[in-house]
Amino acid sequence: MESVLLQISARRLRPLLVVLSLVVLYRGHNEPGGGFIGGLMLGASLILYAMAFGVRKTQESIFFRPVALTAIGLLVALLSGLPALLAGHVYMTGEWITLFTGSLLELKLGTPLLFDLGVYLAVAGMLTLVMFSIMEE
Amino acid sequence: MSTGLLLLVLFLLSGVAPLTRRVLGNAAGWVFALFPLGGFVYYLSLLPGINAGALVTERFAWLPVYDLDLSFYIDGFSILFSLIVLGIGTFILVYAGYYMRPYPMKGRFMGYLVFFMASMLGVVVSGNLITLFVFWELTSISSYLLIGYFHEKPEARSAALQALLITGFGGLALLGGFVLMGIPYGTYEIQALLADPGLIRDSNLYLPALLLVLAGAFTKSAQFPFHFWLPGAMAAPSPVSAFLHSATMVKAGVFLLARLNPIMGGTELWYILLSAFGAATMVAGAWLSITQTDLKRILAYTTVSALGTLVLLIGTGTQYAINAMIIFLVVHALYKGTLFMMAGNIEKVSGTRDITRLGGLFPFMPRAAVIMGLALVSMAGIPPLLGFIGKELIYEAKVQAPNWRFLVIAASFFTNVVMVFLSLRLWFDVFAGKSPGYAKPPHEPSTALVLGPFFLVLASLVLGLFPTSIATPLTSSAVLAVSPGIEAVKLRIWHGFNLILLLSALTVLSGALAYRYRHRLIALAEKVNLRYFAREFSRMFTASIDRFLVFTKRQTGNIQHGYHRFYMMTLFVVASLLVWGVIWRSDPLMLELDFSQMPLNLVAVVVLIIAAALSAVMAHSRLIALIATGVIGFGITIIFIAFSGVDLAITMIMVEVLMVILAVAVLYHLPRYVKYSGTGARMRDGLVATLVGGFMMVLVLQAGTSQLDTPISEFFKEKSYSEAFGRNVVNVILVDFRALDTLGEITVIAIAALGIFSMIRLTKKNS
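Procedures and definitions
- Residues numbered from 1 in each chain as written.
- Chains lettered and ligands numbered in written order.
- Predicted model: local features only at pLDDT ≥ 70, side-chain atom pairs only at ≥ 80, totals over all residues.
- Helix = DSSP H or I, 4+ residues; strand = E, 2+ residues; numbered from the N terminus.
- Contact = placed C-beta atoms within 7 Å.
- pLDDT = per-residue confidence, 0-100.
- Domains from an automatic or database assignment.
- Nonpolar A, V, L, I, M, F, W, Y, C, P; charged D, E, K, R; others polar.
- Axes fitted to C-alpha atoms, helices over the stretch in contact; angles between N-to-C directions.
- Parallel < 35°, antiparallel > 145°, perpendicular 65-115°, else oblique.
- Left-handed = near helix turned anticlockwise from the far one by under 90°.
- Core = buried A, V, L, I, M, F, W, Y, C linked by C-beta atoms within 7 Å.
- Buried ≥ 20, exposed ≤ 12 C-beta atoms within 10 Å, placed from the backbone.
- Pairing = 2+ DSSP bridges.

## Some thoughts on the overall build of chain B
A count of helices and strands for chain B gives 32 helices and two strands. Sequence separation of 24 or more characterises 78% of the internal contacts of chain B that already satisfy a separation of 6 or more.

Have a look at this one:
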């Protein structure tokens with residue numbers, strides 16, 4: 001499929017979609033969003049690119065393979081339960097730290113977010129894994 | 001130091017063994033041997049206490065929920081067995097380190113050996129039937145790995161599988177027997193069972209429990225008619241044959257019977273079953289060994305015969321029988337381990353194990369010939385080796401046997417004559433006579449390869465020469481443990497002139513005569529075998545397994561037909577029929593459907609969805625059907641938004657879009673519609689669809705009306721921010737409250753994705 005319209009929009013939209021997917025991932029804890037949706041968006045951005053430029057070019061433009069992405073995602077999700085063990089709680093208890101306390105920019109980070117990151121990566125990875133192998137000629 | 005620690009160390013060692021190859025190189029055998037040696041010394045140090053009447057027990061919590069502990073129970077019998085396992089194991093590791101040099105993956109082999117050693121030690125020190133069972137199965141698995149070590153040879157693979165299937169089947173029966181045994185006691189602790197043996201003996205579970213346990217023990221210890229896997233197991237490298245298939249693992253069944261003797265023994269049934277199977281195995285093993293020509297197979301059949309003797313002795317159960325059993329156990333482990341190692345050595349230096357192609361080796365390897373000769377003297381039961389004492393005790397036990405005395409004596413006499421005959425044959429046909437000419441001139445095997453045989457024969461000699469001061473302390477507690485209330489017999493070399501000595505003399509004489517006329521004897525045996533025993537058990541077993549495989553293949557073909565649409569249909573029909581069944585039997589559903597409150601725009605959406613569904617069904621092209629289902633999806637998304645399920649709506653949009661893209665990508669590869677399904681098939685599909693759609697509708701309606709106790713959603717709403725610091729309840733459930741579920745789910749989709757990936761890869765590669 002050689003379409004200039006598609007190619008230009010895919011090229012312009014991809015970084016936006018990646019950032020958007022990260023935003024969706026982060027805000028998921030308090031507002032609609034989350035790792036699953038974010039992962040789908042990330043995957044969709046890559047699929048869009050692949051539809052415009054072909055799988056091989058997309059593969060070359062990213063620095064990881066979908067299989068690796070899936071594996072890393074699973075690993076991150078798995079490891080996110082470990083800090084709880086170190087703190088003496090049950091595996092996968094949510095542990096939180098707050099950065100910049102008191103200042104205007106208060107940032108709460110917790111292992112559930114890390115877990116969500118794992119979901120995000122795994123979902124994006126498996127989506128692209130399947131799509132790329134089907135679309136590949 | 002303790003048993004638990006020792007086991008842990010051994011299991012860890014087996015895990016790291018393959019990695020140490022580069023560091024240790026050829027010294028691996030020596031280094032590994034230090035571990036069992038340490039264990040050997042430890043158990044030896046326990047012995048004086050045990051002999052004074054103490055018991056060593058250890059207990060580690062394992063599955064407290066099921067009241068199951070990893071407990072160890074060490075009495076005289078466990079000690080004796082541990083010493084055999086670890087003592088012979090030490091030499092086997094040294095031997096294997098040298099023996100396996102030319103073969104690949106030596107590190108892994110050593111790991112398997114150590115793994116087996118740990119499992120076998122676990123069997124003999126277990127204080128709990130369930131722990132014993134676990135270790136028991138581990139020995140079967142390590143045996144499988146070791147027999148199949150030369151896995152590029154098909155006969156090694158099939159022998160390994162055969163051994164695993166038979167011992168695995170026995171293990172299953174054994175587990176059933178153990179569970180039955182545990183029922184009257186409410187515990188699996190051996191100590192508790194030993195304290196009150198009457199409980200199982202008098203319960204009506206005794207018969208099934210006994211039969212199941214015997215099935216386990218008989219398969220493991222290669223009793224007739226399960227004996228055939230043991231000669232097959234000779235496909236394993238020689239260190240394995242010497243260790244597992246003569247000295248230790250095959251004795252696990254004997255160990256179990258002896259261990260359970262105080263609990264289940266003493267009944268008529270026990271006596272009859274054990275004596276019958278033991279005697280049959282003893283004679284069959286001896287008979288079948290006559291015609292063998294492969295050194296290792298000769299030894300394997302004599303091992304079968306020895307195992308039969310041991311079972312027979314346990315079954316007889318008299319004072320002399322139990323004493324003879326214990327002594328013969330040690331005797332056999334010592335000489336058979338030696339002989340197998342020597343068989344491996346002979347093959348190594350001469351290139352063959354076929355006794356008809358061997359001969360005249362004495363000038364090349366006098367040292368080895370002397371060691372092997374001494375082991376054979378022990379096997380023949382000639383003084384001053386321990387084998388003589390063992391055989392004397394066996395004869396004594398037979399002479400005092402309570403029933404069928406002459407039958408048992410005759411069987412025993414025949415077996416011992418065969419042993420003498422084979423001892424002569426194994427020495428003279430290998431070392432004497434004239435050399436048939438070897439490809440390479442044979443040489444003395446290196447020291448490490450004869451070290452083990454040397455020490456084992458030495459042990460046999462020392463024990464035989466000092467029966468009272470050395471052999472008695474080793475074995476007296478074992479006798480007591482196997483049969484409480486029986487005293488250990490005073491071990492002596494010289495019993496005076498009596499019937500037993502006469503029997504011994506006759507045995508040796510007959511054996512010598514048999515050797516003198518060996519050609520005629522072997523020819524006769526072959527003729528008889530051909531005439532009456534032409535059907536080999538091993539072949540019959542393989543054939544029945546093959547037939548079973550054909551059967552399962554056909555069955556699987558019927559169920560797993562490979563048509564995705566029919567899988568779907570099966571799934572849908574079964575699921576919907578089940579649910580319809582429940583709906584049918586439940587109270588009639590009271591519904592109050594009020595459409596007056598429904599906003600007009602939603603009505604429009606619903607109409608759109610219905611129209612899209614209809615056009616999807618009617619469509620004549622896949623693409624149109626696909627787009628129509630996409631419309632349905634978006635319609636549902638709008639409904640979600642209308643009811644403020646934003647999370648769901650976003651997910652739904654993403655999924656719908658991606659599904660369409662995916663489907664289009666797949667469609668591209670499909671052929672055009674050529675043939676439409678017929679009216680019948682359409683009616684059928686329509687019926688299935690209606691069934692499924694109908695039950696979904698009823699379920700949804702019912703879910704809206706029925707009120708469960710307290711919806712869990714309240715809990716989540718309440719705790720979401722206070723405990724998990726998140727306002728998005730759906731997300732908090734996913735990543736915090738139910739994170740483990742989510743982890744499972746993403747693992748599943750990852751596996752599914754990998755499956756799709758590899759399937760597509762595979763078809764691409766093939767085409």
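## Quick word on the confidence of the model for chain A
Per-residue confidence for chain A gives a mean pLDDT of 84; residues scoring 70 or more make up 91%. Ranking the elements of chain A by mean pLDDT puts strand β1 (residues 96-99) of chain A last with 68 and helix α4 (residues 66-79) of chain A first with 91.

## Examining the domain arrangement of chain B
Accessible area lost upon the coming together of the parts is a frequently used measure of interface size. Each assigned domain of chain B is listed here: domain 1 (266-516), domain 2 (523-557) and domain 3 (712-767). If you average the C-alpha positions of domain 1 of chain B and of domain 2 of chain B, the two centres end up 31 Å apart.

## Let's talk about the interface of chain A and chain B
Opposite the 36 residues of chain A that make contact, chain B presents 33 residues. Every element with two or more residues in the side of chain A that touches chain B is listed here: α2 (35-53), α4, β2 (107-110) and α6 (111-135) of chain A. Ranked by the residues each element gives to the side of chain A that touches chain B, the list is headed by α6 of chain A, at 14 residues. Taken together, the residues that form the side of chain A that touches chain B break down as 24 nonpolar, nine polar and three charged.

## A closer look at the packing of helix α1 (residues 4-27) of chain A against α2 of chain A
All names here are of chain A. Close contact between α1 and α2 brings their axes to 9 Å; oriented N to C, the two are set at 170°. Considering the angle they form, α1 stands roughly antiparallel to α2. Facing α1, whose interface residues are L6, Q7, A10, L13, R14, L17, V18, L20, S21, L22, V24 and L25, α2 presents G35, I37, G38, M41, L42, A44, S45, L48, Y49, M51, A52 and F53. When grouped by side-chain class, the residues that make up the contact of α1 with α2 number 18 nonpolar, five polar and one charged.

## As for the packing of helix α7 (residues 154-185) of chain B against helix α10 (residues 206-220) of chain B
Residues and elements named next belong to chain B. Axis separation between α7 and α10 bottoms out at 7 Å; the angle between their running directions is 150°. Comparing the axis directions of α7 and α10 gives the class roughly antiparallel. The handedness of the crossing between α7 and α10 is left-handed. Note on element contacts: α10 touches α7 through P208, A209, L212, V213, A215, G216, T219 and K220, opposite I166, T167, F169, G170, G171, A173, L174, G176, G177, L180 and M181. In terms of residue class, the contact of α7 with α10 is built from eleven nonpolar, seven polar and one charged.

## Section: the nonpolar core
Residues L113, V114, L121, I147, L310, A324 and M325 of chain B are the most contacted members of the largest nonpolar core, which totals 197 residues. If you tally residues by element for this core, the top one is helix α16 (residues 319-350) of chain B, at 21 residues. Those residues in contact with M325 of chain B that sit more than four places away from it in its chain are A258, L310, L313 and I314 of chain B. Grouped together as the second largest cluster of nonpolar side chains are 49 residues, L40, A50, L113 and Y120 of chain A included.

## A closer look at the pairing of strand β2 (residues 68-74) of chain B
Residues and elements named next belong to chain B. A large share of β2 lies buried, amounting to five of its seven residues. The pairing of strand β1 (residues 56-63) with β2 spans seven bridges and is antiparallel. In the strand pairing of β2, T57 is matched with Y73. Connecting the antiparallel pair β1 and β2 is a turn made up of four residues, with D67 showing a positive phi of about 60°.

## Here we look at unusual backbone geometry
Residues and elements named next belong to chain B. Note that the residue after F224, namely P225, is joined by a cis bond; omega there is 0°. By the secondary structure assignment, P225 is in the loop between α10 and α11 (229-232). One non-glycine residue with positive phi stands out, namely A222, at about 55°. Following the sequence through the fold, A222 ends up in the loop between α10 and α11. Residue class for A222 comes out buried when judged on the 27 C-beta atoms lying within 10 Å of it. A positive phi angle, near 55°, is found at S644, a position not held by glycine. Position of S644 relative to the elements: it lies in the loop between α27 (622-642) and α28 (646-667). Look at S644 and you get exposed, because 10 C-beta atoms sit within 10 Å.

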